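Chain by chain, the residues:
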Amino acid sequence: MMKKRRKRGAPPGPCRSPRPGPAAAPAPPPPSPCSPERTRPAWTGMGVRAAAPSCAAAAAPAPAAAGAEQDRRPGLWPPSPPPPLLLLLLLSLGLLHAGDCQQPAQCRIQKCTTDFVSLTSHLNSATDGFDSDFCKALRAYAGCTQRTSKACRGNLVYHSAVLGISDLMSQRNCSKDGPTSSTNPEVTHDPCNYHSHGGVREHRGGGDQSPPNYLFCGLFGDPHLRTFRDHFQTCKVEGAWPLIDNNYLSVQVTNVPVVPGSSATATNKITIIFKAHHECTDQKVYQAVTDDLPAAFVDGTTSGGDGDVKSLHIVEKESGRYVEMHARYIGTTVFVRQLGRYLTLAIRMPEDLAMSYEESQDLQLCVNGCPLSECIDDGQGQVSAILGHSLPRTTSAQAWPGYTLETASTQCHEKMPVKDIYFQSCVFDLLTTGDANFTAAAHSALEDVEALHPRKERWHIFPSSSRAGGSHLSVALGLTCLILTVFL
């Protein structure tokens, strides 16, 4: 006896009602959206699930769907899909769930963030025009997030980005309205901007797109030198000495005795020469002496180069006391201050330019340190240089009326809580000169390090005696010996 073969119907599609099978073997009904056994909606992220069909919609079929059922001719399965206009109407009325028939719009916050990073990765906060370029990139970032806001509802990364943009715009005083950066900027060659990709390739010899390595050098006090290699020295160097002398920049300092009969000196004159650089700037000379800290070059100008964004310019931070020079064409920043009767200097410069000099230019204090004959210490700081010296006949540790080791330490500690080499330099200067302005000089020198030195872990330098756990008595004896050495 032959068995009857049952017709197989096409499986129901996501937008079609299943056709009833033969009466002899009815197909199991699909689970109702109101039944306890219904499947859970799909997870869409951030606690939002795809909306399931409502109970009312499940109980009452849509009129248009009923009409389509009546038009279905026997023997034809599946029926033809509804016209596109009808489908759009159903979607707009909420009679069909859009997520069942099409993919939802994709959140593009990651693309927005990637574009922002590409627009700002080459910017440097120490260069002229940084705020303008950064604000343009922020506005472009904000516009991108607005365009993808609907698709990113409930996305934590999106909402974090929106808050971050608002905070950055407030910090940088960026207006919400204004020009924006192109999300697909063309790579341009700006020979007068070292920090642009073109500038980095030009100076680094081409092909190397990694950010440049920066070096720091500082001079302060009577005088204390921090070289490009983070070596710390206290030197005599009376008279005129070159700090830097390379193919792009020359810096010379003049030091005079601080106290009659002492070998300790301090800086009372600084001369800086920005050498001519094709199409970027003519040669510019800056000179500062005690009580004359100008906000202009010797020719009376305050900038070099053509165009709205100057390749070299001077910024006066405090009249007669503090100026900054920014040379964007060589990626270099210079701070000059006057504290009391003496001057201090701090400089940051790309390594490849700082080391670009001829053999005849090797006498550079920032590069090679002070000559041995001019060093008061061994390059590790005043304290470590004199530990082990014999105990002097006096243990008062007082070298200038009004200051003892204890009072000098207390005064320096108020400005510099970390007892690093800058703290030790402050104590040394107070004991040898009695001039309280040297406390401010040491503190400002440390602030300049924090502003210009590229590596935070190297901001503080500690004498070897401190690392070895030297006692307060050893430090006191060491400072006393050094002071006696200075005055002999």
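Position numbers for residues count from 1 along each chain, tracking the sequence in the order it is written. In keeping with the model being predicted, local features are shown solely for residues with a pLDDT of at least 70 and side-chain atom pairs are shown and tallied solely at 80 or more, while totals for entire chains, interfaces and linings include all residues. The side-chain figures draw on all heavy atoms in the structure; neither hydrogens nor water molecules are used.

Novice: Would you take a moment to explain the overall build of the protein for this structure?
Specialist: By definition, any uninterrupted DSSP run of H or I lasting at least four residues is a helix, any uninterrupted run of E lasting at least two residues is a strand, and each is numbered from the N terminus. Looking only at helices and strands, one finds 16 helices and twelve strands in the protein. Buried positions account for 41% of the 488 residues belonging to the protein. Relative to all contacts within the protein whose residues are 6 or more apart in sequence, the contacts with residues 24 or more apart total 59%. Of the roughly 27000 Å² of accessible surface on the protein, 54% is carried by carbon and sulfur atoms. Throughout this description, buried means an accessible area under 20% of the type-specific maximum (1.4 Å probe, protein chains only), exposed means over 50%, and partly exposed covers the range between. Every residue pair with non-hydrogen atoms within 4.5 Å of one another is taken to be in contact. Every accessible area reported is derived by Shrake-Rupley at a probe size of 1.4 Å, with residue values counting cover from the shown protein chains alone.

Novice: It is not clear to me how the sheet that holds strand S4 (residues 239-245) should be interpreted in this structure. Could you clarify?
Specialist: Two pairing modes exist for strands in a sheet, parallel and antiparallel, and in both the strands are linked by backbone hydrogen bonds. Between any two strands, at least two bridges found by DSSP are needed for them to pair. Spatially, the four strands line up as an open sheet ordered S4-S5-S6-S7, and their pairing is antiparallel. Each edge of the open sheet carries a strand with a single partner, namely S4 and strand S7 (284-289). Taken over all neighbouring pairs, the strand axes of this sheet differ in orientation by 20° on average, direction set aside. In terms of strand pairing, strand S6 (residues 265-274) meets S7 through six bridges, oriented antiparallel. Bridging from a neighbouring strand, Thr-271 pairs with Gln-287 of S7. Each axis is a line fitted through C-alpha atoms, and for a helix only the stretch in contact is used; angles between axes span 0 to 180 degrees, taken between their N-to-C directions.

Novice: Please clarify how the packing of helix H5 (residues 109-120) against helix H6 (residues 130-147) should be interpreted in this entry.
Specialist: Geometrically, a packed helix pair is captured by the angle between its two axes and the distance between the axes. Where H5 contacts H6, the two axes come as close as 9 Å, and the packing angle between them is 170°. Between H5 and H6, the crossing angle belongs to the class labelled roughly antiparallel. Between H5, through Ile-109, Cys-112, Thr-113, Phe-116, Leu-119 and Thr-120, and H6, the contact on the second element is made entirely by Phe-134, Ala-137, Leu-138, Ala-140, Tyr-141, Cys-144 and Thr-145. Three classes are used, and their members are as follows: Ala, Val, Leu, Ile, Met, Phe, Trp, Tyr, Cys and Pro are nonpolar, Asp, Glu, Lys and Arg are charged, and the others, Gly among them, are polar. When its residues are assigned to classes, the contact of H5 with H6 shows ten nonpolar, three polar and no charged. Oblique is the label for any angle not under 35 degrees, not over 145, and not in the 65 to 115 range, which are roughly parallel, roughly antiparallel and roughly perpendicular in turn.

Novice: Help me understand the nonpolar core, please; the structure alone is not making it clear to me.
Specialist: Here, nonpolar core refers to any group of buried Ala, Val, Leu, Ile, Met, Phe, Trp, Tyr and Cys residues whose side-chain atoms link them within 4.5 Å. Counting 45 residues, the largest nonpolar core has Leu-243, Ile-272, Phe-274, Tyr-286, Met-325, Val-336 and Leu-345 as the members making the most contacts within it. Once you skip the residues sitting within four places of it in the chain, Val-336 turns out to touch Ile-270, Ile-272, Ala-288, Leu-293, Arg-321, Tyr-322, Val-323, Met-325, Thr-344 and Leu-345. In this structure, Phe-216, Leu-431, Leu-446 and Leu-452 belong to the second largest nonpolar core, which totals 25 residues.

Novice: Would you mind going over unusual backbone geometry with me for this structure?
Specialist: Excluding glycine, most residues fall at negative phi; most peptide bonds, likewise, are trans. Phi at Asn-173 takes a positive value of approximately 55°, unusual for a residue other than glycine. Inspection of the secondary structure assignment puts Asn-173 in the loop between helix H7 (156-171) and helix H8 (197-204). Given the relative accessible area of 70%, Asn-173 is considered exposed. Its identity as a non-glycine residue notwithstanding, Asp-291 has a phi of 70°, on the positive side.

Novice: How should I be thinking about the packing of H6 against H7 in this particular structure?
Specialist: At a closest axis distance of 10 Å, the pairing of H6 and H7 adopts a crossing angle of 150°. By the angle class used here, H6 and H7 are roughly antiparallel. Crossing of H6 against H7: the hand is left-handed. Contact residues: Phe-134, Leu-138, Arg-139, Tyr-141, Ala-142 and Thr-145 in H6; Tyr-158, Ala-161, Val-162, Ile-165, Leu-168 and Met-169 in H7. Considering only residue class, the contact of H6 with H7 consists of ten nonpolar, one polar and one charged. The handedness criterion is simple: a crossing whose near helix is rotated anticlockwise from the far helix by less than a right angle is left-handed, and one whose near helix is rotated clockwise is right-handed.

Purely geometric stuff here, so don't read any function into it on its own.
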